[in-house]
Amino acid sequence: MRGRVLLIRLGQMVLVVLAVVTIAFFVLRLATGDPARLVNPPGTPEEIITQTRERIGTDKPVAIQYVDYLWNAAQGDLGTSFRGAQSVANAVFGALPNTLSLAGITIVISATLAVALGALAAWRPGSILDRGVLVWVALAQATPAFWLAVLLVLIFSLNLRWFPAIDMAGWRSFVLPVTTLVVTLSPILIRTSRQSFIETLREDYIKAARARGLPSWRVFAVHGVKAASLPLVTLIGLQLGFLLAGAVVVEAIFNWPGIGKLILDSLASRDFPMIQGGILVAAVVFVVLNFVVDMLYAVLDPRVGAARA
Amino acid sequence: MSDALATVEQTALRSGPIAAGAGRRILRSPFLLVGLVGVTVIAAAAAFAPLIAPDDPTAQNLANILAPPIWVEGGTTDHLLGTDVLGRDVASRILYGARNSLFVAFSAMLLGSSLGLITGLLAGFFGGRVDSILMRLGDVQLAFPFILLAIAILGVVAARPAWLLIVVLGIPGWIVYARVVRSRVLAEKEKDYVAAAAAMGAGPWRRLFRYVFPSVWQVVPVIALLDVGFLIIMESTLSFLGLGLPPPAATWGGILADGRRNMVVSQWLPILPGLAIVVTVLSINLVGDGLAAVFDSRHIHRGLRRPFSSSVPSASPVDTDSEALLSVRGLHVEFPLPGATVKAVRGVDFDLAAGETLGVVGESGSGKSVTASAVIGLLDPPGRITNGAVLFGGEDLARFSDRRMTTLRGRQIAMIFQNPAVSLNPVLTIGFQLREAIRHVTGADRHTVRHTARQVLVAVGIEDPDRISRQYPFQLSGGMNQRVMIAMVLAARPRLLLADEPTTALDTTTQAQILNRLVELTEAEQISLVLITHDIALVSEYADRMLVLYAGEVCEFGPVRQVISQPRHPYTRALLESVPRVEDPAERLQVIPGELPDPRRDRVGCPFADRCPHVMDICREVTPPRYDIAPGHIAACYLWASEPAEAVAT
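So, how was this worked out
Residues numbered from 1 in each chain as written. Chains lettered and ligands numbered in written order. Predicted model: local features only at pLDDT ≥ 70, side-chain atom pairs only at ≥ 80, totals over all residues. Contact = placed C-beta atoms within 7 Å. Helix = DSSP H or I, 4+ residues; strand = E, 2+ residues; numbered from the N terminus. Nonpolar A, V, L, I, M, F, W, Y, C, P; charged D, E, K, R; others polar. Expected span 1.5 Å × (residues − 1). Bend = angle between axes of the 7 residues up to and from the residue. Buried ≥ 20, exposed ≤ 12 C-beta atoms within 10 Å, placed from the backbone. Axes fitted to C-alpha atoms, helices over the stretch in contact; angles between N-to-C directions. Left-handed = near helix turned anticlockwise from the far one by under 90°. pLDDT = per-residue confidence, 0-100. Core = buried A, V, L, I, M, F, W, Y, C linked by C-beta atoms within 7 Å. Pairing = 2+ DSSP bridges.

Remarks on the interface of chain B and chain A
Contacts between the two partners involve 66 residues from chain B and, on the opposite side, 71 residues from chain A. Of all the secondary-structure elements, those providing two or more residues to the side of chain B that touches chain A are helix 1 (3–14), helix 7 (146–156), helix 12 (219–240), helix 13 (252–261), helix 14 (268–295), strand 6 (413–416), helix 17 (420–423) and helix 18 (430–442) of chain B. Broken down by element, the residue count for the side of chain B that touches chain A peaks at nine residues, all from helix 14 of chain B. A class-by-class count of the residues in the side of chain B that touches chain A yields 44 nonpolar, 17 polar and five charged.

In structure tokens:
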């Protein structure tokens, strides 16, 4: 990728993050009124509220607060929690790996599943196998993550006692949250993979490869799979946001110490710097991951790679 | 941005206006019917919840909390689905939950779709700055999971009225509608009738709403339907997190959250509302997918396998030229498509001797390519040989299994295609594909394969084989790619090569180079060549014999010189007259008036009758037999019935 293109792309990434942070900042402030009142119980004397205001810095005009926030954030300082003196940056970066590991494992399993099932279904469109895959996809697509998580806990934790119901401790605790997220993420990937395989198999180069006498399995596995899986890379990029949203729910249910749970807990306690920090980091991670996905696509697809080289 | 929506965007882009016979297809699709029934029942339940619900969904009865449903021990008919932790009737709460969920989801969909429809229409129709601003906005929207922001907003506001929920859920959906509508508008506004309206003085707004809108709005309902399914899940998720409609309103997510807190005591409590969500969303998705499939004009199943099976009728006894390498006898190929069967090849016969070149000519749709694909057993699905024989070295290939054909392809019979740029896999290097083909055919070791690859590339006139090997097909010119294809054939040394318009996609100077190279090689290696083309000049230059096809039938077959100098079929003459002559480029080209007959219809008589200047009554009544004009030269035309050459019906 040429320097100029890279620079434009980086600029876009910064803009997106800035837009998200700005919207979050102002919407949160405007929608809720004075944070100093919110963090104190109703009926708190005015002097205490004024003190709180000075402590958390909301006595200044909102515009100044906004500029201060951006200035500090640019230097890596995301402020301090309204509750107690915990550094937001520490809390957020402590939670981030837990969410990323959950999402990472989910993506790897879902993508593998999608290529395998999509290929199986596309091998004979309209066959029993294909229909089976499509029914599974339809069912999985209609199943809300939070319900599935509760069902899994009910069956595998409460009744069978195979896996822990909450908390992150050892590999066993990954099984139920990851299963939930895979069932949420994989349907669209399987569908796309199936469609992509069907379309790829109609390509002339597939017919040409067969005309060279290559056996069907080889045409499928060598000439089909690489071309057919490319759209999945882009799609995974587009689904990251959805995965992040799914992670919020899953983290809430499994008491998983990730970003989603951090934001939810901060919402309950109206801890604005924490909410803000969580959203900021989520936006950065999201934008960076999308960038990585695009780079990966350029590496995998020689046509794109050459166009940018 | 969302699971369902991304799929929908793909499907909706493909679906055309409602195709003919859509109604019948709806009735024939069981999934769609099940979905329709489900949606109707649930919508009715939601609409009439106050009438059907046995109890007030908010009426508490602390004396009867967590009562089990009727099928569990201790359940009573008073509370069919039991009661919750406040003693409220679960059945009633689920019914009212349907009402609330559907109301919020449907309203949010209306908001998102209206926004998207309007922006999509404007962006697509006016283009320019409006378009780029709206689409950049869309990019930002897609670049971040707005649901996180929604959660944050709903989590901190003091009250959550239904309208706020609708706004927060609905607005992010606009981009999906906008993109689909925009691309539809872009396609539609270029069409003739819109341009005609503009020429007649219709202003932009009138053109937009009177002409473009009616053919564009149809994509919206299918997206909207699947959007509602997605929004129901989102609404329930928010309610589950305690960010939906505030209590005591009954919501599916809320009931489930209550249930989860008490699931150790009553396990059915979280299960029931989840089932309601799954059934609802599944029904909606079934209807949405079903409708998208009904609207999808490309509703044809295709697969990898040669769908040809044992159902070939037994071949009639065939007399074959014993010297022929390839004898095609009475070949019929059909493509059973939904609604009609295309009969692409209708009784084609020809012979090809070892080392000989056969030119096959005819306009598009004459069955040239289909015949070649049938010979190598690679008809595009659902094409199948319905009758006839393809005798290769004395064996009938039409009766071969795909596995057996695979052993012949490449080694004995090879094929090169019209467009070299798409005959090579775009994501694999030239070298990889060439070596793969060579290794497969020769079974040689890595080193030998590498050596052979270099050799054949040089043989087809590539000066820098190592560099070319490392490149991808898109980095090479069409001529270079076709050389690579020929190199693959050369490495395999087959007995028969089918070349389907091998130079049509190339520029004129390259054409001659490639063809010369091809013919040199086939002559040197004694490879029989079937050269398919619509260019008679090529045939006269390179072929020994010539087959003229029209609408899947043989018009004329014979030695090239004889056919060209004395064409006997009016169609062959017309083809020859349509060739521009170098000597007299100013001479007006003869264009054959009329069109090919409908390939779906059965026909009687000569297929060329409607366009033939010499047509007689009998031509429309009885299919003309093939008359022997001279040894090895036949023409299927009644004009030769009275000639000295004796009429022989085949």
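There's more to say after this.
Details of helix 10 (residues 216–254) of chain A
Since the α-helix advances by 3.6 residues per turn, residues separated by three or four positions end up pointing in the same direction. All names here are of chain A. Over its 39 residues, helix 10 runs only 45 Å from end to end, short of the ideal 57 Å by more than 12%, given 1.5 Å per residue. The largest bend in helix 10 comes to about 45°, at G224. Residue N255 follows helix 10 closely and has a positive phi angle near 50°.

Here's the deal with the environment of I592 of chain B
Residue and element names in this part refer to chain B. Note that I592 resides in the loop between helix 25 (570–577) and strand 11 (627–630). Its 17 C-beta neighbours within 10 Å are what place I592 among the partly exposed residues. For I592 and A574, which are 18 residues apart along the polypeptide, the C-alpha to C-alpha distance reads 6.4 Å. Leaving out residues up to four positions away in the same chain, I592 has contacts with A574, S578 and R611.

Structural notes on the packing of helix 7 (residues 145–159) of chain A against helix 8 (residues 172–201) of chain A
Residue and element names in this part refer to chain A. Close contact between helix 7 and helix 8 brings their axes to 9 Å; oriented N to C, the two are set at 145°. The handedness of the crossing between helix 7 and helix 8 comes out as right-handed. The segment helix 7 lies against helix 8, with A145, L148, A149, L152, V153 and F156 engaging L176, T179, T180, V183 and T184.

Quick notes on the confidence of the model for chain A
Counting all residues, the mean pLDDT for chain A is 84, and 96% of those residues have values of 70 or more. Averaged pLDDT values for the elements of chain A fall to 65 in helix 13 (residues 302–308) of chain A and rise to 91 in helix 5 (residues 88–123) of chain A.

Details of the nonpolar core
Ranked by size, the top nonpolar core spans 272 residues in total, and within it A149 of chain A together with A152 of chain B carry the most contacts. Broken down by element, this core gets its largest block of residues, 19 residues, from helix 10 of chain A. Each residue touching A149 of chain A, except ones within four places of it in the same chain, is listed here: L176, T180, V250, I253 and F254 of chain A.

Some words on the sheet that holds strand 1 (residues 324–337) of chain B
Residues and elements named next belong to chain B. Spatial ordering of the open sheet is given by 2-1-4-5, a layout of four strands whose pairing is antiparallel. Since the sheet does not close on itself, it has two edges, and those belong to strand 2 (340–353) and strand 5 (395–396), each with one partner. With two bridges connecting them, strand 4 (residues 384–392) and strand 5 associate as antiparallel partners. The residue bridging F392 from the neighbouring strand is E395, located in strand 5.

Considering unusual backbone geometry
Residue P247 of chain B is joined to P248 of chain B through a cis peptide bond whose omega torsion reads 10°. Of note, P248 of chain B is situated in the loop between helix 12 and helix 13. The backbone phi angle of N255 of chain A is positive, close to 50°, even though this residue is not glycine. Mapped onto the elements of the fold, N255 of chain A is located in the loop between helix 10 and helix 11 (259–268). The exposure class assigned to N255 of chain A is partly exposed, which follows from the 13 C-beta atoms found within 10 Å. Residues other than glycine seldom take positive phi values, yet E501 of chain B does so here, at roughly 45°. Mapped onto the secondary structure, E501 of chain B falls in the loop between strand 7 (496–500) and helix 22 (508–525).

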